[in-house]
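Inside the fold
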Amino acid sequence: MERTIIHVDMDAFYATVEQRDNPDFLGKPVIVGANPRHGRGRGVVSTASYEARKYGIHSAQPISQAYRLCPNGIFLPVRGKRYVHVSRAIMAILREYSPVVETVSLDEAFLDVTGTERLFGHAEEIGKQMKVRIKEQERLTASVGIGPNKLVAKIASDLKKPDGFVVVGREEVRQFLSPLPVSRLWGIGKKTEEKLANLGITTIGELALLSKKTSQDCFGKLGVVLWQYAQGIDDSPVISSREAKSISNELTFQKDVTDIQVLRETLLQLSEKVGYRLRSQNMVGRTVTLKIRWSDFSTYIRHKTYPKSIFMGDTIYAGIFALIENIDIHQPVRLLGVGVTQLSRADEHQMELFGIENGKSQIVDETMDRIKNKFGEKIIGRGLHQSGR
Amino acid sequence: MKFSILQNDLINALQIISGVVPTRSTTPILENILFDLENGILKITATDLEVSITTEVSPQEVDKHGSIALPAKVLTEMIRSLPEIPIHFNLDENNRMKITTDKGIYQIAGISKENFPEMPLLSNERTVEVSSAMLSRMFSKTIFAVSSEELRPALMGVFMQIMSDEFRMVSTDGHRLAKIADKSFRYDENPIQMIIPSKAVQIALKNLNGEDTIKLVIDDNGFRFNFPKTILYTRLVEGEYPDYERVIPRDNDKQLTVNRNLLVSSVRRVSLFSSVLTHQIRFSIKPDKLIVCSEDIDIGGEAREELDVEYKEEPMEIGYNAQYVLDILKQIDTEDVIFLLKSPVRATLVTPMTQGKEESFLMLIMPIKLGSS
């Protein structure tokens, strides 16, 4: 069936929320991210306002570099809760236009509006309405892309940022993609881009001219996908997601770490934070995720899934511990992350006949939660035995 | 080794044992089956080291005794696809088995018997004779609730208790439980209890038909079923079975009686609209009225059905995993089924309307705790 997909992408979301909340910041370079510590800070930029981007600052850039580029910029910490709150309001607007809304992140969503024309008019009309609603209700701008699939919609929304609005009709897809650089496509990183450049291919149009077989010979499985993308083909469905998909916590070290004991202690702290956040949001999860970023910036991610719901710091850590035990710490660690996914509501869960979950550990966590709720999250935590368990 | 056998006889024997052969094993020899031809009888054996099975079949003609292990999959598939004709087997000195029929000639490489694990011997064994029909009924009423979770290995089998005046089986996965007992059973020696792995139970169920009684031979580590032509051996699941009596409620005094078939159909339809992750459905119980409903907020579906039931107590809302409810209802043989309830956060006891003679059968289902909304 021919589909119509809308991609909505908030413009410099965290930064514009900050500017909206504090009119003094309007028109000024705002950088949301890690503490720059006068140029010695580690961690990265989360979002830079358009004013800051003029200085060459962009997201994922080391915060120290951003500081050097614009020492007088307004550097702000990430106010996660605030953005979640605003994001929910925006997603609620989007859901009025289609039951199938896939939230990719706080500031980005796909809508499948196939067949909703009768209710809301053409996709173009829906896109315009959504932009107006977000502007009026939340005083924020969104860029909207409309196309026959997710790939085209996403590229379209990105093309005229900020406050963009690009519609690509079914027949215009090839023509639309053709002049764009290959790096716009999903799955093309630096290496693939270089490899393509060596073949004399820099635009999507040039890539589209390759035969499917040649593309496959050069890039294997990825080649087939890239070839399809270059033709503007993408069948991936919009998967509606109502609730947050994961709760996670990360820490970038001030200085890269090799000491396994320090890594374990950090992971325990992160596990406890995640457990606390799970419990305070009344959620439980099934899968724990360990993320390690090495000093060369390469990232390592591993998962462990439990047959039962987890919500306690030490159960999360037990999973993380099992994962890290199997990892060769072959180079210094820059960042650690702990996450829990496959979330569901804690107050709705399959109960146990033998009630094994109400052990000592849960009492410890409940007591600590009460203390944290009263005095703040940093006041108390678990300690670690030398063995790391 | 040289013999001739009818396709039908051989495939029947292969089907008895093929459930034991592991599909993928780190020990490749286990993907073979052992042919052992002795005294005019062909014994065929398969094992996965936990469960072993040997069955006997009589060839039409025996020329030369011998033994060989042959790849299970290709052999079984090949024999199955032949029509009902005689098959001639002839093993050469290089362990190659030549199979000849009217249709053609086939050859497979075998492995000598020494490489095939032997069936474990039992020590200090005790023998119990039980009715086949009883064993079969009790296994089939309990196997559904066996856990498949390796976190708690003791729950991965059926708990069998042989007592002086009762033969009992229990299974649970921590969310539901089944307990069935035959009270006409008598046993004079010390009570025995053991956990039988579910794979062995499944294979035993296939072989439990016809015969009046069957001999169970038991020692500390293993357990053998002596069927007339088949011997099934299994290692026992190690570990302590949980104190299940503790979780069987004694004071569930709110009785809901409902027609089994009507409830099965309702739950089946309503569950189609429940979340695929939790299969959560809701029983809204009112005097003489049961409303079964579900909703899936992700896809925006919901369903609701009303049933006439017998219920005299105060209204109650209780959540269940629909799959668990269906599994339990499947075990009920009577027209009506009884749900005995206490509260939405306590185990529900489910029994047939009437118990069989000298039988006691009950099941438990732990509810899903419902949210406050």
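Since we're looking at a predicted model, the values are computed, not measured. (Residues numbered from 1 in each chain as written. Chains lettered and ligands numbered in written order. Predicted model: local features only at pLDDT ≥ 70, side-chain atom pairs only at ≥ 80, totals over all residues. Heavy atoms only, no water.)

1. Overview of the overall build of chain A
- Check the secondary structure of chain A and you find 14 helices and 13 strands.
- Looking at chain A as a whole, 48% of its 389 residues are labelled buried.
- Intrachain contacts of chain A at a sequence separation of at least 6 include 65% that bridge at least 24 residues.
- Here chain A displays about 19,600 Å² of accessible surface, and carbon together with sulfur accounts for 52% of that area. (Helix = DSSP H or I, 4+ residues; strand = E, 2+ residues; numbered from the N terminus. Buried < 20%, exposed > 50% of the residue type's maximum accessible area, 1.4 Å probe, protein only. Contact = heavy atoms within 4.5 Å. Areas by Shrake-Rupley, 256 points an atom, 1.4 Å probe, with all protein chains shown as cover.)

2. Examining the overall build of chain B
- Within chain B one finds six helices and 26 strands.
- Looking at chain B as a whole, 54% of its 373 residues qualify as buried.
- Accessible surface for chain B amounts to roughly 17,900 Å². Of this, 46% is attributable to carbon and sulfur atoms.

3. Comments concerning empty space enclosed by the protein
- According to the stated counting rule, one finds one cavity of 30 Å³ or more in the structure shown.
- One number sums up the size of the largest cavity: a volume of about 30 Å³.
- What lines the largest cavity is A:Lys308, A:Glu352, B:Ser147, B:Glu149, B:Arg152, B:Leu155, B:Asp173 and B:Gly174. (1 Å grid on protein atoms, 1.4 Å probe; cavity = no way out; pocket = protein on both sides within 12 Å on 5 of 7 lines; lining within 4 Å. Points joined across faces, edges and corners; volume = space filled by probe spheres on them.)

4. Side note on the confidence of the model for chain B
- Here chain B averages 92 in pLDDT, and 97% of its residues register 70 or above.
- Two summary scores accompany this predicted model of the complex, namely pTM at 0.60 and ipTM at 0.82. (pLDDT = per-residue confidence, 0-100.)

5. Topic: the pattern of salt bridges
- Applying the stated criterion across every chain, the model contains 37 salt bridges over all chains.
- Close ionic contact of A:Asp158 with A:Arg184 constitutes a salt bridge, the shortest N to O distance being 3.3 Å. Of this pair, A:Asp158 sits in helix H7 (residues 150-159) while A:Arg184 sits in the loop between helix H8 (173-177) and helix H9 (190-198), and the two are 26 residues apart along the sequence.
- For B:Asp48, the salt bridge goes to B:Lys199, with nearest N and O atoms at 2.6 Å. Of this pair, B:Asp48 sits in the loop between strand E3 (41-47) and strand E4 (51-57) while B:Lys199 sits in helix H4 (residues 198-207); the two residues are 151 residues apart in sequence, bridging distant segments of the chain.
- Among the residues examined, B:Lys199 registers a relative accessible area of 22% and is labelled partly exposed. (Salt bridge = Lys/Arg side-chain N within 4 Å of Asp/Glu carboxyl O.)

6. A word on unusual backbone geometry
- Residue A:Pro162 is reached from A:Lys161 by a cis peptide bond, and omega for that bond is -10 degrees.
- Take A:Pro162: it is sitting in the loop between H7 and strand E8 (165-167).
- Backbone geometry places B:Leu49, a non-glycine residue, at a positive phi of 75 degrees.
- Mapped onto the fold, B:Leu49 is located in the loop between E3 and E4.
- Owing to a relative accessible area of 47%, B:Leu49 belongs among the partly exposed residues under this scheme.
- The residue B:Asn95 is not glycine, and still its phi comes out positive at about 60 degrees.
- You can call B:Asn95 partly exposed: its relative accessible area is 24%.

7. A short note on the pairing of strand E7 (residues 86-91) of chain B
Residues and elements named next belong to chain B.
- Along E7, the buried face is formed by Ile87, Phe89 and Leu91; none of Pro86, His88 and Asn90, which line the opposite face, is buried.
- Here five bridges tie strand E1 (residues 2-6) to E7, and the two strands are oriented antiparallel to one another. Bridging across to E7, Ile5 finds its partner in Ile87.
- Bridge count between E7 and strand E8 (residues 96-100): four bridges; the pairing is antiparallel. (Pairing = 2+ DSSP bridges.)

8. Some details on the environment of A:Lys154
- Inspection of the secondary structure puts A:Lys154 in helix H7.
- A:Lys154 has contacts with A:His7, A:Glu108, A:Phe110 and A:Trp186, leaving out every residue within four places of it along the chain.

9. Quick word on the packing of aromatic side chains
All names here are of chain B.
- Taken as a whole and assessed by the stated rule, the structure comprises 20 aromatic pairs over all chains.
- Relative to Phe185, the ring of Phe167 has its centre 5.0 Å away and its plane inclined at 70 degrees; by these criteria the two rings are edge-to-face. Within this pair, whereas Phe167 is found in strand E12 (residues 166-172), its partner Phe185 is found in the loop between strand E13 (176-182) and strand E14 (192-197), the two being separated by 18 residues in sequence.
- With a centroid separation of 5.7 Å and 5 degrees between ring planes, the pair formed by Phe225 and Phe227 is classed as stacked. (Phe/Tyr/Trp six-rings, centres within 6.5 Å; stacked < 30°, edge-to-face > 60°.)

10. Description of the sheet that holds E8(A)
All names here are of chain A.
- Sheet architecture is open: five strands sit in the order E5-E6-E1-E7-E8, paired in mixed fashion. Each edge of the open sheet carries a strand with a single partner, namely strand E5 (101-105) and E8. Strand-to-strand twist across the sheet, computed as the mean angle between neighbouring axes with direction ignored, equals 15 degrees.
- Sheet topology places strand E7 (residues 142-147) next to E8; three bridges connect them, and they run parallel. Bridging from a neighbouring strand, Ile146 pairs with Val167 of E8.
- Its contacts with the sheet put helix H4 (residues 80-95) on strand E1 (5-10), E5 and strand E6 (108-112), and the angle it makes with E5 is roughly 155 degrees.
- Contacts from H7 reach E1, E5, E6, E7 and E8, with the element oriented near 145 degrees to E7. (Axes fitted to C-alpha atoms, helices over the stretch in contact; angles between N-to-C directions.)

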